Amino acid sequence: MPEITGELGSFEKIGVVVGETTHSEFYFAIEDTKTPQIWDYVVVRSKEVVDGTEKDVLVLGQIVAITSYSPGLSEYTPYPVAEKLKDAEIIEPRNFAQVKVLGFTVGGKVLMPRRTIYPGTDVYLAPDDVLSQVYSYPDEEGLFIGHLITRPRVKVQLTIRGFRRHLAILAQTGAGKSYTAGVLLEELYDKGATVIVLDPHADYVFISQSKDGKRILPRVDVFRTRESTGRYTKEDIGHMETFEIKFSDLSPDEIFTITGIRDEWLNIQKAVRDAVKELKNEKPGRYTVEDLINKLESMDSNDSLRAIKYIEKLKGLKVFGEVTTPIENLLKPQHISVMDLSGLSDHVADYIAYKILSEVYYQREHGKYKYPVFVLVEEAHRFIPKKENTLSKRIAKRIAAEGRKFGVFLILLTQRPQKIDQDVLSQCNSQIIMRMTNPEDQKAVRASAEQVSEDLLNDLPGLNVGEAVIVGEMTKMPVMVKIRERKTKEGGADIDIVTRLSEALKEAKEYEESKDEIIREEIKEIRDILDM
């Protein structure tokens, strides 16, 4: 915000501070001719001590409530009296607003006031250029996410540096969280990021394409297993890679994790290790699940036979092929890899997510891939549930706790915050929160983020589709945003039910109109046969 050098003559004055004030909140009487909106921004002059020196600063605040009343028209005023007062034009409406203080900036940093805003202080509508300055970053780190809800002219950027603590995008179904994630993917791509998307519903398989189907992001690959049925065909998506894992590449420890063989079952683990060791000697690099089961049967011990019932589970995971897709195929600079999990059962999708998360973490932990990796997990509550144990959950918790040290950053999306593991959610120090009406989900959001105040929670049901509250390290101050338009094609957009039903009506009408003709043709064919 600009330095204060004199009177703020160019600023639009809209009121005067009244009543009791604190360092975090104040009220102001609104000038009769002014009509500010809720969630709009105001500035007031104040004096703060910065680095030991008292300075004049501009404190930014956001209007969180507006109240209008008339001294003569209370809720107890009878209707005839109200009509007479109205006819006499002595209603004398009064308006005042409640403001939440957001802070002031010094040298690009945001500081919170330590002093109250004094009654009698003039209140100004925050100018667009002041807000643009607050919600922007240098080109190399800014991610253009949208515009202020109350100021469509003011662009809002997030800082890529905020990924130092992971990000959660939380919203009820249909509020626009996948659309928002698509905007972030476009921005991360432009910054050169390596992104892997775990995509259970094929919401991101068109991220390389413009809305008219042209390929505009060349460094995007979509991966799918050979057994996937998928939401879209290969012809719909275009270029597609196969993702598979060679069974003989699995270590005994990975087999234990996948099959649920516990650490304390040492004898069963030993039987599997011995069987794998023998197979590696007999069929190096080319044995299958069936070979392992046969080997355990041939060992004919109680432990090997008990192991078989767990190994049998692997036969249901139809992701094993003749080769293992190298993780290097997914990890490339300025590259988005979309792992299309649509059409797969939950446990197969879970295994693939576990495998990819583990490989990514290993690569970064051991310095084998030198660039930061962003992993976007759609439907995160399915992979990292609150109560159940999944294969993905253990590695996701490790990444949430330690991934930032090695440059692995999570972007978690869910419409059910109450059903995701709270330890993982609490590691997401930045949150993009969209429309959410379920009280239990709101409670889960409040428990996971200190920056989410009661005021913000109260605002969530009032957000429209595509609007969001953003808090945390990705923004200097909490901000309410209208997400910008995407450049790329959406894969998970809602079905246009009106158009589809119109098409169904048209097809049904055409059938009814042609039915008589069809019957006549069939009768003619029968007569021709009888006449032969």
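This is a predicted model, so every value here is computed, not measured.

The rules behind each value
Residues numbered from 1 in each chain as written. Predicted model: local features only at pLDDT ≥ 70, side-chain atom pairs only at ≥ 80, totals over all residues. Heavy atoms only, no water. Helix = DSSP H or I, 4+ residues; strand = E, 2+ residues; numbered from the N terminus. Rg over C-alpha atoms; globule rule 2.2 N^0.38 Å. Buried < 20%, exposed > 50% of the residue type's maximum accessible area, 1.4 Å probe, protein only. Contact = heavy atoms within 4.5 Å. Areas by Shrake-Rupley, 256 points an atom, 1.4 Å probe, with all protein chains shown as cover. Lys, Arg positive; Asp, Glu negative; His and termini not counted. Charge placed at Lys NZ, Arg CZ, Asp CG, Glu CD. Salt bridge = Lys/Arg side-chain N within 4 Å of Asp/Glu carboxyl O. Core = buried A, V, L, I, M, F, W, Y, C linked by side-chain atoms within 4.5 Å. Domains from an automatic or database assignment. Polar contact = N/O pair within 3.5 Å; in protein donor to acceptor, adjacent residues only side chain to side chain. Arc of directions from axis to C-beta. Pairing = 2+ DSSP bridges. Patch = residues over 30% accessible without salt bridge, like charges linked within 9 Å, V, L, I, M, F, W, Y side chains within 5 Å. Phe/Tyr/Trp six-rings, centres within 6.5 Å; stacked < 30°, edge-to-face > 60°. Axes fitted to C-alpha atoms, helices over the stretch in contact; angles between N-to-C directions. Parallel < 35°, antiparallel > 145°, perpendicular 65-115°, else oblique. Left-handed = near helix turned anticlockwise from the far one by under 90°. Nonpolar A, V, L, I, M, F, W, Y, C, P; charged D, E, K, R; others polar.

## Focus: the overall build of the protein chain
For the protein chain, the count of helices and strands is 15 helices and 21 strands. Taking 532 residues into account, the globule formula puts the C-alpha radius of gyration at 24 Å, and the protein chain, at 31 Å, lies well above it. Taking all 532 residues of the protein chain together, 47% fall into the buried category. Nonlocal contacts in the protein chain, meaning residues at least 24 apart in sequence, comprise 72% of its contacts between residues at least 6 apart. Within the structure as shown, the protein chain displays about 26900 Å² of accessible surface, and the carbon and sulfur contribution to it stands at 49%. Of the side-chain charges in the protein chain, 74 are positive and 86 negative, and the distance between the mean point of each set is 5 Å.

## Digging into the pattern of salt bridges
Applying the stated criterion across every chain yields a total of 36 salt bridges. Asp-221 is the partner of Lys-332 in a salt bridge, and the nearest nitrogen-oxygen pair spans 3.7 Å. Of this pair, Lys-332 sits in the loop between strand E15 (320–321) and strand E16 (335–340) while Asp-221 sits in strand E12 (residues 220–224); the two residues are 111 residues apart in sequence, bridging distant segments of the chain. The closest approach of N and O atoms between Asp-303 and Arg-306, which form a salt bridge, is 3.6 Å. You can see Asp-303 and its partner Arg-306 sitting in helix H8 (residues 302–311), three residues apart, about one turn around the helix.

## A short note on unusual backbone geometry
Even without being a glycine, Trp-39 presents a positive backbone phi close to 75°. Position of Trp-39 relative to the elements: it lies in the loop between strand E2 (25–30) and strand E3 (41–50). Under the relative-accessibility criterion, Trp-39 is labelled buried at 12%. Of note in this structure, Asp-51 is not a glycine but carries a positive phi near 50°. Within the element layout of this structure, Asp-51 appears in the loop between E3 and strand E4 (53–69).

## Quick word on the nonpolar core
Core analysis: the biggest nonpolar cluster contains 78 residues, and Leu-198 and Ile-311 have the highest contact counts within it. Residue contributions to this core peak at 10 residues, all from helix H9 (residues 346–365). When residues of this core are assigned to domains, at least three fall in each of domain 2 (155–242 + 325–483) and domain 3 (248–315). Leave out the neighbours within four places in its chain, and Ile-311 touches Ile-255, Thr-259, Ile-261, Val-272, Val-289, Leu-292, Ile-293 and Leu-296.

## Some thoughts on the side chain of Ser-430
When you line up the elements, Ser-430 lands in strand E19 (residues 430–434). A distance of 3.0 Å separates a polar atom in the side chain of Ser-430 from the backbone nitrogen of Met-474. The residues touching Ser-430, leaving out its near neighbours within four places in the chain, are Gly-162, His-166, Leu-167, Ala-168, Val-471, Gly-472, Glu-473 and Met-474.

## Overview of H8
Burial in H8 covers these residues: Ser-304, Ala-307, Ile-308, Tyr-310 and Ile-311. The buried side chains of H8 occupy one side of the element, clustering within an arc of 160° when seen end-on. The exposed set on the far side of H8, more than 90 degrees from its buried face, consists of Asn-302 and Lys-309. Elements that come into contact with the buried residues of H8 comprise helix H5 (252–259), helix H6 (266–282) and helix H7 (289–299).

## So, the pairing of strand E21 (residues 479–483)
Within E21, four of the five residues are buried, leaving the element largely enclosed by the surrounding structure. Bridging between strand E8 (residues 142–148) and E21 involves three bridges; their strand directions are antiparallel. Residue pairing in the sheet places Gly-146 in a bridge with Ile-483 of E21. Of the pairings in the sheet, the one linking strand E20 (residues 467–472) to E21 comprises four bridges and is antiparallel in character. Counterpart to Glu-467 in the pairing with E21 is Lys-482. Between the end of E20 and the start of E21, which pair antiparallel, lie six residues.

## Let's talk about the environment of Ser-210
Inspection of the secondary structure puts Ser-210 in the loop between strand E11 (194–199) and E12. Once the C-alpha coordinates of Ser-210 and Glu-490 are considered, the two residues, 280 residues apart in sequence, prove to be 9.0 Å apart. Setting aside chain neighbours within four positions, we find Ser-210 in contact with Ile-216, Lys-487, Thr-488 and Lys-489.

## Digging into a nonpolar patch on the surface
Taken together, the side chains of Ile-497, Val-498 and Leu-501 present a nonpolar region at the surface, about 310 Å² in accessible area. Inspection of the secondary structure assignment puts Val-498 in helix H15 (residues 497–531).

## Things to note about the domain arrangement of the protein chain
Domain boundaries assigned for the protein chain yield domain 1 (8–135), domain 2 (155–242 + 325–483) and domain 3 (248–315). Of note, the centres of domain 1 and domain 3, computed from C-alpha atoms alone, are 70 Å apart.

## Brief notes about the packing of aromatic side chains
Taken as a whole and judged by the stated rule, the model has 14 aromatic pairs. Ring centres of Phe-320 and Tyr-351 lie 6.0 Å apart, and the angle between their planes is 55°; this geometry places the pair in the tilted category. Of this pair, Phe-320 sits in strand E15 while Tyr-351 sits in helix H9, and the two are 31 residues apart along the sequence. Residue Tyr-351 is classed as buried on the basis of its relative accessible area of 0%. Ring centres of Phe-374 and Phe-409 lie 5.5 Å apart, and the angle between their planes is 40°; on these two criteria the pair is classed as tilted. Taken as a pair, Phe-374 in strand E17 (residues 373–377) and Phe-409 in strand E18 (residues 408–414) lie far apart in primary sequence, 35 residues in all.

## Observations concerning the environment of Gln-62
One can find Gln-62 in strand E4. Relative accessible area serves as the criterion here: at 7%, Gln-62 is assigned to the buried category. Separated by 36 residues in the primary sequence, Gln-62 and Gln-98 have C-alpha atoms spaced 8.4 Å apart. Residues contacting Gln-62, with those up to four places away along its chain left out, are Trp-39, Asp-40, Tyr-41, Gln-98, Val-99, Lys-100, Leu-102 and Met-480.

## Describing the packing of H9 against helix H11 (residues 391–406)
Relative to each other, H9 and H11 sit at 25°, their axes nearing to 9 Å. Taken together, H9 and H11 sit at an angle that is classed as roughly parallel. Remark: the crossing between H9 and H11 carries left-handed chirality. Touching Asp-350, Tyr-351, Ala-353, Tyr-354, Leu-357, Ser-358, Tyr-361, Arg-364 and Glu-365 of H9 are Leu-391, Ser-392, Ile-395, Arg-398, Ile-399, Glu-402, Gly-403 and Phe-406, all from H11. Among the residues forming the contact of H9 with H11, the class breakdown is nine nonpolar, three polar and five charged.

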